[in-house]
Amino acid sequence: MSRQTNKPISTPEAKEPVEKILPEPGDLVDVHLRITEGDKERIQIFRGTVIAVRGSGAGKTFTVRRVSRGVGIERIFPLNAPVITKIEIRRKSKVRRAKLFYLRTKTGREAVLKERKSGEESRPETMES
């Protein structure tokens, strides 16, 4: 029997690992999605509040909620989906729960979360992929 050794696989197209910014519950985010319609491709932005983060590893997902024309819309995004080109964190909010499902019943001013105060300037963080 021949013995196999564990050698790292080297390919010319291997990239450096990209550090991902994981949105947290309460963050106001812009999720930039690559939309393909026929042979055309465009970027669509989905802006909303992160209400849940689930899973671990490659299967990690986050749920984003927004209200459009009086109707609540929620989308679940896999963190490592190839259609997500960028995740931009616009604002971090002060929350005391991991799941913010109670926001589904709130309307108007009740549904607005307080911004988290920090010593740094608030500038948008981005995650490129």
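Parameters at a glance
- Residues numbered from 1 in each chain as written.
- Predicted model: local features only at pLDDT ≥ 70, side-chain atom pairs only at ≥ 80, totals over all residues.
- Heavy atoms only, no water.
- Helix = DSSP H or I, 4+ residues; strand = E, 2+ residues; numbered from the N terminus.
- Buried < 20%, exposed > 50% of the residue type's maximum accessible area, 1.4 Å probe, protein only.
- Contact = heavy atoms within 4.5 Å.
- Core = buried A, V, L, I, M, F, W, Y, C linked by side-chain atoms within 4.5 Å.
- Pairing = 2+ DSSP bridges.
- Salt bridge = Lys/Arg side-chain N within 4 Å of Asp/Glu carboxyl O.
- Patch = residues over 30% accessible without salt bridge, like charges linked within 9 Å, V, L, I, M, F, W, Y side chains within 5 Å.
- Areas by Shrake-Rupley, 256 points an atom, 1.4 Å probe, with all protein chains shown as cover.
- Lys, Arg positive; Asp, Glu negative; His and termini not counted.
- Charge placed at Lys NZ, Arg CZ, Asp CG, Glu CD.
- Polar contact = N/O pair within 3.5 Å; in protein donor to acceptor, adjacent residues only side chain to side chain.

Trainee: Looking at this structure, I do not really get the overall build of the protein chain. What am I missing?
Mentor: Counting its secondary structure elements, the protein chain contains zero helices and six strands. In sequence order, the secondary structure elements of the protein chain are arranged as β-β-β-β-β-β. Counting only residues that meet the buried cut, the protein chain has 26% of its 129 residues in that class. A fraction of 54% describes how many contacts in the protein chain between residues 6 or more apart in sequence connect residues 24 or more apart.

Trainee: Which parts of the structure should I look at to understand the nonpolar core?
Mentor: In terms of nonpolar packing, the biggest core is built from 14 residues, with Val-29, Val-31, Val-50, Phe-62, Val-64, Phe-77 and Ile-84 touching the most fellow members. At the level of elements, β1 (28-37), β2 (40-54), β3 (61-68) and β5 (84-91) are the ones that each hand at least two residues to this core. In this structure, Phe-62 is in contact with Pro-23, Val-31, Val-50, Ala-52, Val-53, Arg-75, Ile-76, Phe-77, Leu-79 and Ile-87, ignoring residues within four places of it in sequence.

Trainee: Any chance you could explain the pairing of β1 here in plain terms?
Mentor: Regular strands have side chains that alternate between both faces of the sheet. Pairing analysis gives ten bridges linking β1 to β2, with the strands arranged antiparallel. The residue bridging His-32 from the neighbouring strand is Ile-45, located in β2. Taken together, β1 and the strand that follows it, β2, pair antiparallel across an intervening segment of two residues, in which Gly-38 is found at a positive phi of about 70 degrees. For β1 and β5, the ladder comprises six bridges, and the chain directions are antiparallel. Considered in β5, the bridge of Leu-33 is made with Ile-84.

Trainee: Is there a simple way to explain the pattern of salt bridges in this structure?
Mentor: Between side chains of opposite charge, pairing is possible as soon as their charged atoms come close. Summed over all chains, the structure comprises ten salt bridges. Here Lys-92 makes a salt bridge to Glu-24, at a shortest N to O gap of 4.0 Å. Taken as a pair, Lys-92 in the loop between β5 and β6 (125-128) and Glu-24 in the segment before β1 lie far apart in primary sequence, 68 residues in all. With a closest N to O distance of 3.1 Å, Arg-65 and Glu-74 form a salt bridge. You can call Glu-74 partly exposed: its relative accessible area is 31%. Several salt bridges converge on common partners, so that one network encompasses Glu-24, Asp-27, Lys-92 and Arg-116.

Trainee: Explain a positive patch on the surface here, please?
Mentor: On the surface, a cluster of positive charge is made up of Lys-94, Arg-96, Arg-97, Lys-114 and Lys-117. One can find Arg-96 in the loop between β5 and β6. A relative accessible area of 81% means that Arg-96 is categorised as exposed.

Trainee: How do you make sense of the side chain of Asp-30 when you look at a structure like this?
Mentor: Along the polypeptide, Asp-30 turns up in strand β1. Reaching out from Asp-30, the side chain makes a polar contact with the side chain of Arg-47 at a distance of 2.6 Å.

Trainee: I'm lost on the environment of Ser-93 in this one. Help?
Mentor: Among the structural elements, Ser-93 can be located in the loop between β5 and β6. Spatially, the C-alpha atoms of Ser-93 and Pro-25 are 8.2 Å apart, while their sequence positions differ by 68 residues. Discounting chain neighbours no more than four positions away, the residues touching Ser-93 are Gly-26, Asp-27, Leu-113, Lys-114, Glu-115 and Arg-116. At 3.0 Å, the side chain of Ser-93 forms a polar contact with the backbone oxygen of Gly-26.

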